[in-house]
Amino acid sequence: MENKLQKYFDIVMTFKMRSNNHRHNVSGIKEIRQYGKHIGTDKWVKVGNPIKSQNFGLVRKFKLAGLHPSNYNTKHPYIYQALKQIINILDPTFEYDGITVNKNVEALPHRDKNNNGISLIIGFGNYTGGGLYVEENDGNFKLHDINHKPLYFNGSTQTHYTEQFSGTRWTIIYYKLKNRDRKVD
């Protein structure tokens, strides 16, 4: 299974992600600085390294009701197909409609308020650290190693955040969105 996964991870890592930010790195690829709020406050703070993040599958589009196919499904079909192959290898029965690909995201404690039910996350790349802290039923947090190891958790009800890391850390998250006004992908 590991060799099959690595083939598709390698395809995903060729993806040159862009963001809406105007800051460029030396390669000319746009980067964005991640911001987050501490739970229980209204204060926004910069988090971690410049990041890249894109959504595939179904997404919410501002000013439009319901869920719609991401533009990235057709702009980058080879990446989208690789993402679908990865989930088919990991768990062919897992139900999802959204996929997020992250590069170097170091998230603060949060819940995914627009997700519905169980999410699956897996990490890959050349990094150390970078596990995922997930809130347990007793309110304590447990650190999970997600490097080439899928983790199932309910991101909408369990607070979670990223362990500090060094290197280049990619993650893929598969999840269902709450909206019932779905459009077919």
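Residues numbered from 1 in each chain as written. Predicted model: local features only at pLDDT ≥ 70, side-chain atom pairs only at ≥ 80, totals over all residues. Heavy atoms only, no water.

**Student:** Before we move on, could you go through the pattern of salt bridges and cite the residues and values that matter?
**Tutor:** Under the defined criterion, the tally for this structure stands at three salt bridges. Measuring nitrogen to oxygen at the nearest pair gives 3.8 Å for the salt bridge that ties K176 to D97. Here D97 lies in the loop between α3 (77–90) and β5 (98–103) and K176 lies in the segment after β11 (165–175), a separation of 79 residues in the sequence. For K176, a relative accessible area of 23% translates into the label partly exposed. Here D97 falls in the buried class, since its relative accessible area comes to 9%. The partner of R111 in a salt bridge is E135, and the shortest N-O contact between them spans 3.1 Å. Of the two residues, R111 is situated in the loop between β5 and β6 (119–129) and E135 in strand β7 (residues 132–135); the sequence distance between them amounts to 24 residues. (Salt bridge = Lys/Arg side-chain N within 4 Å of Asp/Glu carboxyl O. Helix = DSSP H or I, 4+ residues; strand = E, 2+ residues; numbered from the N terminus. Buried < 20%, exposed > 50% of the residue type's maximum accessible area, 1.4 Å probe, protein only.)

**Student:** Residue-level account of the nonpolar core, with values.
**Tutor:** In this structure, V12, F56, L83, I86, I172 and Y174 are the most contacted members of the largest nonpolar core, which totals 23 residues. Those elements giving two or more residues to this core turn out to be α1 (2–12), α3, β5, β6 and β11. Core analysis: the second largest hydrophobic core is formed by 13 residues, L58, I146, F165 and L177 among them. (Core = buried A, V, L, I, M, F, W, Y, C linked by side-chain atoms within 4.5 Å.)

**Student:** I'd love a proper account of the pairing of β5, names of residues and values included.
**Tutor:** The element β5 is extensively covered by neighbouring structure, given that five of its six residues are classed as buried. Relative to β11, β5 runs antiparallel, the two being bridged by six bridges. Within the sheet, the bridge partner assigned to I99 lies in β11 and is Y174. (Pairing = 2+ DSSP bridges.)

**Student:** Talk me through the pairing of β7; I want residue IDs and the actual numbers.
**Tutor:** With four bridges joining them, β7 and strand β8 (residues 141–144) adopt antiparallel strand pairing. Bridging across to β8, Y133 finds its partner in L143. If you look at the hairpin formed by β7 and β8, you'll find five residues sitting between the two strands, and G139 has a positive phi there, around 90°. When β7 meets strand β10 (residues 160–162), the two strands line up antiparallel, connected through three bridges. Considered in β10, the bridge of Y133 is made with Y161.

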